[in-house]
Amino acid sequence: AQKVTQAQTEISVVEKEDVTLDCVYETRDTTYYLFWYKQPPSGELVFLIRRNSFDEQNEISGRYSWNFQKSTSSFNFTITASQVVDSAVYFCALRPSGNTGKLIFGQGTTLQVKP
Amino acid sequence: GAVVSQHPSWVICKSGTSVKIECRSLDFQATTMFWYRQFPKQSLMLMATSNEGSKATYEQGVEKDKFLINHASLTLSTLTVTSAHPEDSSFYICSARATAGVLGYTFGSGTRLTVV
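Residues numbered from 1 in each chain as written. Chains lettered and ligands numbered in written order. Predicted model: local features only at pLDDT ≥ 70, side-chain atom pairs only at ≥ 80, totals over all residues. Heavy atoms only, no water.

Concerning the environment of Leu 113 of chain B
All names here are of chain B.
No. 1: Topologically, Leu 113 is positioned in strand 11 (residues 111-115).
No. 2: Measuring from C-alpha to C-alpha, the distance between Leu 113 and Tyr 92 comes to 7.4 Å, with 21 residues separating the pair along the chain.
No. 3: For Leu 113, the contacting residues outside a window of four places in its chain are Val 11, Cys 13, Val 19, Val 81, Asp 88, Ser 89, Ser 90 and Tyr 92. (Helix = DSSP H or I, 4+ residues; strand = E, 2+ residues; numbered from the N terminus. Contact = heavy atoms within 4.5 Å.)

Next comes the structure, spelled out in structure tokens:
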């Protein structure tokens, strides 16, 4: 089965705190892709990162960093020094192999950053 | 960068009427369009996948006669909710992909449908 689990439904932090959003995925494919998207209150999906299954290097982009561990099927997302503007729903998604190209989304984690 | 324009951004309609939602790729050719539905505080659930010039492939449990998808050109895909009912009220969002195998997905801004 192909599945993405984001166990944290809601997280609330105070500005400047670091926060990690968890993502665990299930797939039998050896080739797959993982994504993170941000959905602010306006509703549009903002692309954050894409990672393929063969690249386990962690990535840092400004205050954002991602930890991909195939051994635990996890692709966690950390925001350092959080800001109020980071408040949104964050989705982790899995694109299995095959040509359909569809994305399987996790349930989403609502992050609230309080001033 | 790639842009997908989705209209309308919100719509209110009466039960029994039909509503059409459009997604246009503005600066690229969308060979594949994905249509998602999102209920409040829930995830995005794929409804159907459409390839230009072909019939859409619907996910299990999605009524193809109720949610009509047309992808007649490489820049336009439409979703028509026919005979809408209050339970169809949801956030509908499209996602376009330029070419098979290309990993980039561009999402529209979504349409909030309220059926009264």
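Digging into the interface of chain A and chain B
Think of interface size as the accessible area that goes away when the parts come together; that is how it is often given.
No. 1: Contacts between the two partners involve 19 residues from chain A and, on the opposite side, 20 residues from chain B.
No. 2: Of the roughly 1500 Å² buried at the junction of chain A and chain B (both faces included), carbon and sulfur atoms supply 56%.
No. 3: Contact with chain B buries surface across chain A, with Leu 45, Lys 102 and Phe 105 of chain A losing the most and accounting together for 28% of the total.
No. 4: The interface formed by chain A and chain B holds one salt bridge in total.
No. 5: Between Glu 59 of chain B and Lys 102 of chain A there is a salt bridge, with the nearest N and O atoms lying 3.2 Å from each other.
No. 6: Those elements that provide at least two residues to the side of chain A that touches chain B are strand 5 (33-39) and strand 10 (88-95) of chain A. (Buried area = accessible area lost by both parts, 1.4 Å probe. Salt bridge = Lys/Arg side-chain N within 4 Å of Asp/Glu carboxyl O.)

A short note on the pattern of salt bridges
Residue and element names in this part refer to chain A.
No. 1: This structure, assessed with the given rule, holds six salt bridges over all chains.
No. 2: A salt bridge links Arg 51 to Asp 55; the nearest nitrogen and oxygen atoms lie 2.8 Å apart.
No. 3: Taking relative accessible area as the criterion, Arg 51 reaches 6% and is therefore assigned buried.
No. 4: Note on Asp 55: relative accessible area 24%, which makes it partly exposed.
No. 5: Via salt bridges that share partners, Arg 51, Asp 55 and Glu 59 belong to a single interconnected network. (Buried < 20%, exposed > 50% of the residue type's maximum accessible area, 1.4 Å probe, protein only.)

As for the sheet that holds strand 3 (residues 19-25) of chain B
Residue and element names in this part refer to chain B.
No. 1: What the four strands build is an open sheet, ordered 1-3-8-7; its pairing is antiparallel. Unpaired on one side and paired on the other, strand 1 (4-7) and strand 7 (67-73) mark the two borders of the sheet. The sheet shows a mean angle of 15° between the axes of neighbouring strands, taken without regard to direction.
No. 2: With four bridges joining them, strand 1 and strand 3 adopt antiparallel strand pairing. Its bridge partner being in strand 3, Ser 5 is matched across the sheet by Arg 24. (Pairing = 2+ DSSP bridges. Axes fitted to C-alpha atoms, helices over the stretch in contact; angles between N-to-C directions.)

Re the side chain of Thr 49 of chain B
No. 1: Note on placement: Thr 49 of chain B falls in strand 5 (residues 44-51).
No. 2: Judged by relative accessible area, Thr 49 of chain B falls into the buried class, the value being 9%.
No. 3: Those residues in contact with Thr 49 of chain B, other than ones at most four positions away along the chain, are Thr 100 of chain A together with Thr 32, Met 33, Phe 34, Ala 56 and Thr 57 of chain B.

So, the state of the cysteines
Disulfides are covalent bonds that link the sulfur atoms of two cysteine residues.
No. 1: Taken as a whole and judged by the stated rule, the model has two disulfides over all chains.
No. 2: The disulfide that involves Cys 23 of chain A links it to Cys 92 of chain A, with 1.9 Å between the sulfurs. Its S-S torsion of approximately -65° makes the covalent link between Cys 23 of chain A and Cys 92 of chain A left-handed. Here the residue Cys 23 of chain A occupies a position in the loop between strand 3 (19-21) and strand 4 (24-26), and Cys 92 of chain A occupies one in strand 10, the gap between them amounting to 69 residues. Like Cys 92 of chain A, Cys 23 of chain A is buried.
No. 3: The disulfide bridge from Cys 23 of chain B ends at Cys 94 of chain B, spanning 1.8 Å between sulfur atoms. Between Cys 23 of chain B and Cys 94 of chain B, the S-S torsion sits near -95°, and that sign places the bridge as left-handed. Taken together, the residues Cys 23 of chain B in strand 3 and Cys 94 of chain B in strand 9 (residues 90-97) connect sequence positions 71 residues apart. Side by side, Cys 23 of chain B and Cys 94 of chain B carry an identical accessibility label, which is buried.
No. 4: The cysteine Cys 13 of chain B is free of any disulfide, with Cys 23 of chain B supplying the nearest cysteine sulfur at 17 Å. (Disulfide = S-S within 2.5 Å.)

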